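Observations on chain architecture
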Amino acid sequence: MQKTFSLLLLLAILLFSCKSETSKDMTHPYTNDLIHETSPYLLQHAHNPVNWNAWNDKTLAKATDENKLLLISVGYASCHWCHVMEHESFEDTLVAQVMNENFVNVKVDREERPDVDQIYMNAVQLMTGSGGWPLNVVALPDGRPVWGGTYFKKEQWMDILKQLTKLYKEDPNKLHEYADKLSQGIKSLDVVSLNTDEPVFERAFIENALTNWEKNFDHAFGGMKQTQKFMMPNNYHFLMRHAYQNNDKELQDFVNLTLTKMTYGGVFDQIGGGFSRYSVDEKWHVPHFEKMLYDNGLLVSLYADAYLITKNELYKNVINETLEFIKNEMTANNGAFYSSLDADSNNAEGTLEEGAFYVWTQEELKALLANDFDLFADYYNVNDFGHWEHNNYVLIRNESDAAIAEKHNITEAELATKKEQWKTKLLATRNKRPKPRLDDKTLTSWNALMLKGYVDAYRVLGNKTYLEAAEKNANFIVNSQLREDGGLNHNYKDGKSTINGYLEDYAATIDAFLALYENTLDKKWLTTARDLANYTFDHFYDDTSKMFFFTSNSDASLVSRSIEYRDNVIPASNSIMAKNLFKLSHYFDNEHFSKTAMTMLNNVKPEMSEYPSGYSNWFDLMLNYTNPFYEVAVVGADAKQKIDELNTHYLPNKLLVGSTTENNLPLLANRYNPQDTFIYVCVNKACKLPVTKVEDALDLM
């Protein structure tokens, strides 16, 4: 009897297990190894029929053991064309059959693994002359690429894979020979030679580069003369500084035109705040709708300094609205920042569509705004100027508030009230729509860029909640991403800190911590920045070129160990690092830091004139050498208040150091006086007589 009962119980358990497994399979007919990953992008592909693997030693060993070509597909969670190719090819069982039979398939999140992305992007650019995402590469089992491209339609994709499979089976030597040549080309791309010429940095060099650069300025809509426009905040940060320090009104006007047009454009979310990644047209109108953390961090810093110079309320509003968006949509409870929002979301029919969350029809707007529609339509160009496609409109401005108010015979105050009412109403309606997917992983480098944005917003606007957000994020980085050995991890997701940090993590974090120190005078941020710099010398420094590798010497080797030094939307990790070392050399009177920064700039100098927009952060560093650079030390009980007052002035060619008590930092030692707060202005290791008033200190600069 008991034996019969046991058998029945076992049978019931087996039946229940089968039912559960069947039900699971009905929900997701296919599940691959990506199901074990934390990256939202990789998890998006976990139920493709393609047998995807993550990039790791086990996957690479599998390719070698099975003597199969690697098929490496790189993308990121908010990439529109990545989703398109997934739907057309990677969800197709016939495509999957070709891929699974002949390749070891690897999915890579470019944001988690920028080192892998960089290697294969370089390869594709060498092979085709251009690049982008999705990035698709076929490589030998040892990882050396032999073919690559970006987006492909299904039939074209299958044909290419079949041809490569046939070639690998019938004449593998051809692929090996090509891989040898291509690998040499990749290794030569990011090689920096030590410049043994005496470092000479002169204003004429910068002026000549600007003359070449200005030929590409778009004086109608701002930015560069291109059909697609990226914001490139570091470009305008340098141009703005150079214009201000040289009283170049024409250049100042161009920068302000660009910042205004970007803010007026659909690339800035007129209803919810925050910037999309770029516009697909020359007037900043229709964005590629994904919102990236790094863009918004860098742009907040840019608009903060622009507001400091101009006191333009438009810039102030951009800062506040962008940070409101970051707080509401991109911030975790622990103070960490998420990575991005997708370009795509479900439309009214329930299918994924780019921009569906953000666009409006005239009918929707008329129903929501009633009698205000005509004014709204004029303000945001719900007309031919603002029309996108089908019946959809992307909101875009082309007139100032003053001009609109005068045209409609209302005051600017009345218009401001109406704008708030419109935004509240439209935002409430929009939030009922299916939202774009959130990439909720946290990257140390991008968090540091946003942290710096918050610090800069606090410095300029004095809003203490911005400083609190910055400090909370900085403490997250220290508590969750900084290891006991002094190194940083790159990635954080679901409570786990993973992936050994890249140079970009160290460079951006040091920069952010230096800014945090200058605004709080909390010495721990300064000493942590110095310690991180020392770590990079131990693990990233190249003794031959005197530059820094992108990857640590403790990481597994790839096809090439690259040196990232050309500025892009995000400044190059080496240019940020050189600026960090320049400042740290002043804080700690460190000759090694000083000499390294100068050598790095001198190494890059021969390339800077040819393509100045790709070296704008290096040019910004060069201004520290061509113009006087001031060390401003504030010591005494009122040091923090005086530094806050100094920060109300645009002074890009200075660093701040201060203390309310005795302090042994080189710039503060033996300067404390309990009776008063003194400001010391120093340049080239020579200090003026101390003053007590901020206006007197400004006169010395």
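Treat the numbers as computed from the prediction; the structure is a model and nothing was measured. (Residues numbered from 1 in each chain as written. Predicted model: local features only at pLDDT ≥ 70, side-chain atom pairs only at ≥ 80, totals over all residues. Heavy atoms only, no water.)

Description of helix α11 (residues 249-264)
As a reminder of what qualifies: Strands here are runs of E lasting at least two residues and helices are runs of H or I lasting at least four, both read from the DSSP assignment and numbered beginning at the N terminus. Expected helix span is computed as 1.5 Å times (number of residues minus one). Burial classes follow relative accessibility: with a 1.4 Å probe on protein chains only, a residue under 20% of its type's maximum area counts as buried, one over 50% as exposed, and anything between as partly exposed. Note on contacts: a residue pair qualifies if any of its non-hydrogen atoms lie within 4.5 Å across the two residues. Definition of a polar contact: a pair of N or O atoms within 3.5 Å, with one able to donate and the other able to accept a hydrogen when the atoms are protein atoms, and with sequence-neighbouring residues admitted only if both atoms are side-chain atoms.
Its 16 residues place the ends of α11 22 Å apart at the C-alpha level, agreeing with the 22 Å of an ideal helix rising 1.5 Å per residue. Along α11, the positions that sit buried rather than exposed are Leu-251, Phe-254, Val-255, Thr-258, Leu-259, Thr-260, Met-262, Thr-263 and Tyr-264. In this fold, the buried residues of α11 make contact with α9 (203-214), α10 (233-245), α12 (293-310) and α13 (313-329). Between the side-chain oxygen at the start of α11 and the backbone nitrogen of Glu-250 there is a gap of 3.3 Å, and the oxygen is on Asp-248.

A closer look at the sheet that holds strand β22 (residues 686-687)
For the record, the criterion: Paired strands, as defined in this entry, are two strands with at least two bridges between them according to DSSP.
Taking strand neighbours across the sheet as the criterion, the 4 strands line up as β20-β19-β21-β22 in an open arrangement whose pairing is mixed. With partners counted over all chains shown, the strands left at the sheet margins are β20 (654-659) and β22, one partner each. Here strand β21 (residues 678-683) pairs with β22 via 2 bridges, running antiparallel. The residue bridging Val-683 from the neighbouring strand is Ala-686, located in β22.

Here's the deal with the pattern of salt bridges
Selection rule: Salt-bridge detection follows one rule: a side-chain nitrogen of Lys or Arg within 4 Å of a carboxyl oxygen of Asp or Glu.
Here the structure, examined in full by the defined rule, presents 38 salt bridges. A salt bridge links Asp-115 to Arg-113; its shortest N-O distance comes to 2.9 Å. Residue class for Asp-115 comes out buried when judged on its relative accessible area of 5%. Here Asp-342 makes a salt bridge to Arg-437, at a shortest N to O gap of 3.3 Å.

What to know about the state of the cysteines
Defined simply, a disulfide is a covalent bond joining two cysteines at their sulfur atoms. Spelled out, the test is: A pair of cysteine sulfur atoms is labelled a disulfide when the two atoms are within 2.5 Å.
Counted by the stated rule, this structure contains 2 disulfides. A sulfur-sulfur distance of 2.0 Å marks the disulfide that ties Cys-682 to Cys-687. What sets the handedness of the Cys-682 and Cys-687 disulfide is the S-S torsion sign, and at about 100° it is right-handed. Residue Cys-687 is classed as partly exposed on the basis of its relative accessible area, which comes to 39%. If you count the bonded cysteines of the protein from the N-terminus, they pair up as 1-2, 3-4.

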